[in-house]
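Structure assessment
If you want the building blocks of each chain, they are given just below.
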Amino acid sequence: DLPVAAPIGEGRIAVHPQPIAAGSSAHVTPKQPAMLESFSLGLALMPTRLPSESAGVLVLQDETGTAAVSLRIDAQGCLSITVRASDDAPPLRLPLALPLRRWALVSLSVDAAAGMITAGVRIIGEGQGDPCGLAEVSQAITPLPFKLSGMLIASDDEGPSFDSKIDALRVRTGAFPREAI
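Residues numbered from 1 in each chain as written. Predicted model: local features only at pLDDT ≥ 70, side-chain atom pairs only at ≥ 80, totals over all residues. Heavy atoms only, no water.

A separate point is the sheet that holds strand E9 (residues 92-93). Spatial ordering of the open sheet is given by E3-E14-E6-E7-E8-E9, a layout of six strands whose pairing is antiparallel. Looking along the sheet, the strands with just one partner apiece sit at the ends: strand E3 (26-28) and E9. Two elements, strand E7 (residues 67-74) and strand E8 (residues 79-83), share five bridges in a ladder whose sense is antiparallel. Bridge pairing in E8 places Val69 opposite Val83. (Pairing = 2+ DSSP bridges. Helix = DSSP H or I, 4+ residues; strand = E, 2+ residues; numbered from the N terminus.)

Note on strand geometry: in a regular strand, side chains alternate between the two faces of the sheet. Where burial is concerned, the two faces of strand E12 (residues 134-140) differ: the one with Ala135, Val137 and Gln139 is buried and the one with Leu134, Glu136, Ser138 and Ala140 is not. Pairing analysis gives seven bridges linking strand E11 (residues 116-123) to E12, with the strands arranged antiparallel. Looking across to E12, one finds that Val121 is bridged to Ala135. (Buried < 20%, exposed > 50% of the residue type's maximum accessible area, 1.4 Å probe, protein only.)

Right, let's get into the nonpolar core. Counting residues in each nonpolar core, the largest one holds 37 residues, and the members touching the most others are Leu60, Leu79 and Leu108. If sequence neighbours within four positions are ignored, Leu79 has contacts with Leu45, Val57, Leu71, Arg72, Ile73, Leu92, Arg93, Leu94, Leu98 and Val106. (Core = buried A, V, L, I, M, F, W, Y, C linked by side-chain atoms within 4.5 Å. Contact = heavy atoms within 4.5 Å.)

Bear in mind that shape data such as this cannot, by itself, settle questions of function.
Spelled out as structure tokens, the structure:
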């Protein structure tokens, strides 16, 4: 354990290294599956190495284990999001390439009532004057409601695992704007 200064408790906390093998991924099953129609998703993402083609970042699975929402990153560092819909909508691609070893906040809002999905990404700056990036795109869609029964993190079970850091993953019922996610 290593003592580290912290603004909580007695001013110090004990931390220890957490070894995580490259290419690690996780399958998370909620205790109680939730029905999602309109929902929002947010996560912090730091690419450490880009895939040669594309790799799965996150998949939300329905009760049959099928992907209802899929987030992928391509070889240029751009994210694409596929939401299962009744109108076979193409993936929504964010035009901003994520730089390596920089945190980015990724958001997705699915508004079933409005028939719209909106995805956004904001690259976190490293101080005043540091160039950051921001992109947001929307697409008309008729999303199909599903019961969230599992999540694949840093994988999609189809291709390579995504070599990255993922943190602060949140899924909320209701469609919220990027700033609120």
